[in-house]
Amino acid sequence: MTAGTDARDSSSIGVFDSGVGGLTVLRALRERLPGESLIYLGDTARLPYGTKSPRVVARYAENAARVLVERGVKMLVIACNTATAEALPHLERVFAPLPVVGVVEPGAEAACEASRNGHILVVATEGTVKSGAYARAIRSRRPGAVVRSAACSLFVALAEEGWVDGPIVESVVRRYLAPVVREDPSVDCMVLGCTHFPVLRDAIARVVGPGITLVDSAMTTARVVADRLRSRGMLAPPVNAAALELMATDARARFARVGAVFLGATISESQVEIVDL
Ligand code: DGL
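All chains use their own residue numbering, which begins from 1 and follows the written sequence. In view of the model being predicted, local features appear only for residues whose pLDDT reaches at least 70, and side-chain atom pairs are presented and counted only at 80 or more, with totals across whole chains, interfaces and linings using the full set of residues. Just so you know, side-chain values use all the structure's heavy atoms and leave hydrogens and water out.

Some remarks on the overall build of the protein chain
Rules: Secondary structure elements follow DSSP: runs of H or I no shorter than four residues count as helices, runs of E no shorter than two count as strands, and numbering proceeds from the N terminus. It is over C-alpha atoms that the radius of gyration is taken, and the globule rule equals 2.2 Å times the number of residues to the power 0.38. Contacts between residues were defined by any pair of non-hydrogen atoms, one from each residue, lying within 4.5 Å. Computed by Shrake-Rupley with a 1.4 Å probe, the accessible areas treat only the displayed protein chains as cover when residues are assessed. Only four residue types enter the charge count, namely Lys and Arg as positive and Asp and Glu as negative; His and the chain termini do not. Charged groups are reduced to one reference atom each: NZ for lysine, CZ for arginine, CG for aspartic acid, CD for glutamic acid.
Counting secondary structure elements, the protein chain contains 12 helices and 10 strands. Its C-alpha atoms give the protein chain a radius of gyration of 18 Å, near enough to 19 Å, the size a compact globule of 277 residues would have. Dimensions of the protein chain, computed from the C-alpha atoms along their principal axes, are close to 55 × 40 × 35 Å. Considering only residue pairs separated by 6 or more positions, the protein chain has 79% of its internal contacts joining residues 24 or more positions apart. On the protein chain, roughly 11,600 Å² of surface is accessible, and the fraction owed to carbon and sulfur atoms is 52%. Within the protein chain, one finds 31 positive and 29 negative side-chain charges whose respective centroids are separated by 4 Å.

Digging into unusual backbone geometry
To be explicit about the condition: Burial classes follow relative accessibility: with a 1.4 Å probe on protein chains only, a residue under 20% of its type's maximum area counts as buried, one over 50% as exposed, and anything between as partly exposed.
The omega torsion of the bond from Leu 47 to Pro 48 falls at 5°, within 30 degrees of zero and hence cis. In this structure, Pro 48 sits in the loop between β2 (38-42) and α3 (54-70). Residue Pro 97 is reached from Ala 96 by a cis peptide bond, and omega for that bond is 10°. Within the chain, Ala 251 stands out as a residue other than glycine whose phi angle is a positive 60°. Assignment of secondary structure puts Ala 251 in the loop between β9 (244-248) and α12 (252-263). Given a relative accessible area of 34%, Ala 251 falls into the partly exposed group.

Here's the deal with the environment of Val 94
Take Val 94: it is sitting in helix α4 (residues 81-95). By relative accessible area, Val 94 is classed as partly exposed at 34%. Sequence-wise, Val 94 and Glu 160 are 66 residues apart; in three dimensions their C-alpha atoms are separated by 31 Å. Discounting residues that sit within four places of it in the chain, Val 94 has contacts with Glu 62 and Arg 66.

Side note on the sheet that holds strand β6 (residues 146-151)
Spelled out, the test is: Here, any two strands with at least 2 DSSP bridges between them count as paired. With axes taken as lines fitted to C-alpha atoms, and helix axes fitted only over the stretch in contact, angles between N-to-C directions fall between 0 and 180 degrees.
Spatial strand order, β6-β5-β7-β8: four strands in an open sheet with parallel pairing. Looking along the sheet, the strands with just one partner apiece sit at the ends: β6 and β8 (213-215). Strand-to-strand twist across the sheet, computed as the mean angle between neighbouring axes with direction ignored, equals 25°. Taken together, the six bridges between strand β5 (residues 119-124) and β6 define a ladder with parallel strand orientation. Bridge pairing in β6 links Leu 121 to Arg 148. Where helix α10 (residues 201-208) meets the sheet, it contacts β7 (189-192) and β8, and its direction lies at approximately 150° from that of β8.

Some details on the environment of Asp 276
For Asp 276, the position within the fold is in the segment after β10 (272-274). By relative accessible area, Asp 276 is classed as exposed at 69%.

A few points about the packing of helix α2 (residues 23-32) against α12
For any two helices packed against each other, the geometry comes down to the angle between their axes and how far apart the axes lie. Applied cut-off: These descriptions rest on fixed angle ranges, namely under 35 degrees for roughly parallel, over 145 for roughly antiparallel, 65 to 115 for roughly perpendicular, and the rest for oblique. Working rule for handedness: look at the near helix, and if it is turned counterclockwise from the far one by less than a right angle, call the crossing left-handed; if clockwise, right-handed. Throughout, the ten residues Ala, Val, Leu, Ile, Met, Phe, Trp, Tyr, Cys and Pro are labelled nonpolar, Asp, Glu, Lys and Arg are labelled charged, and all others, Gly among them, are labelled polar.
For the pair α2 and α12, the least separation of the axes is 8 Å and the interaxial angle reads 50°. Viewed along their axes, α2 and α12 adopt a mutual orientation that is oblique. At the point where α2 passes α12, the crossing takes the right-handed sense. Counting all contacts with α2, which are made through Leu 23, Thr 24, Leu 26, Arg 27 and Arg 30, the residues of α12 involved are Phe 255, Gly 259, Val 261, Phe 262 and Leu 263. Across the contact of α2 with α12, the residue classes tally to six nonpolar, two polar and two charged.

Section: the site of the ligand
How we decide: Only a single heavy atom is needed: when it lies within 4 Å of a molecule or strand, its residue is near that molecule or strand. We call two N or O atoms a polar contact when they sit within 3.5 Å, provided that within protein one can donate a hydrogen and the other can accept it, with sequence-adjacent residues counted only if both atoms are side-chain atoms.
Taken together, 14 residues lie around the ligand, and Asp 17, Ser 18, Tyr 49, Gly 50 and Thr 82 are the ones closest in. Residue Asp 17 places a side-chain N or O atom 2.7 Å away from a nitrogen atom belonging to the ligand. In this structure, Thr 195 approaches the ligand through a side-chain N or O atom, which is 2.9 Å from a nitrogen atom. Counted by class, the shell around the ligand contains six nonpolar, seven polar and one charged residues.

A look at the sheet that holds strand β1 (residues 13-17)
Spatially, β4-β3-β1-β2-β9-β10 is the arrangement adopted by the six strands of the open sheet, whose pairing is parallel. Both edges of this open sheet fall to β4 (100-101) and β10, since each of them pairs with a single strand only. Bridge count for β9 against β10 is three bridges, and the pairing is parallel. Residue Ala 248 lies in a different strand from β10, and its bridge partner there is Ile 274.

What follows is the structure in structure tokens.
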């Protein structure tokens, strides 16, 4: 198919994540681009990606992306920070010339827009922090930026359990973040560099206080996707019956229950197709 044809324009955008967290990105895409059809795959059988080695994450991400590519998507959105940090160039190479958008560059852009003094804290999974991808993306936009990072692995488990507030959550958040904020009291912006962290936003905000602006990459990623589609003449036709397909690699009921928290809308189990990679 050629960019600009009707067939290509109305095909879906493929979005994948290691689980349900990327549904926050899907939600932002639906708000920004209501006429676009979307196919989402959550690799729930292999979650978490954040504690695995880059080689394994790249392999899982390639397999997940392939399911979407085989369904004829016009663009691939990696809604997982860890997979973006560790596998974006790999996926661009494997699936070229398909456009691939990750969440790290948009998240870095949001941080640089929000921070006044350039002291930025990135909270993410172990894999994302180790990759240094956010620090590089932030410094390429703002060379003098002071970037600190903290791996907060337990946040993923809390969010998956639906524990997003209350004393236990606050105590875990405090344990991870209080020392880092103490180390650099000038931090004025924190990037929630993991799909799961936006649902813990209120608890995090209470612990770090009002002086730190929290940003995540969902809205900025949707903006980048819209710009990229527009510049390539690949937006859906003005009147398009936008479809939403949801797939997971395991645990349909859990995907529907926990996914609803991230999507901000009810998901029925019958909507979720189970696929094998
Ligand atoms: N989706 C992952 C991310 O954004 C978080 C969950 C996981 O570790 O797989 O980094």
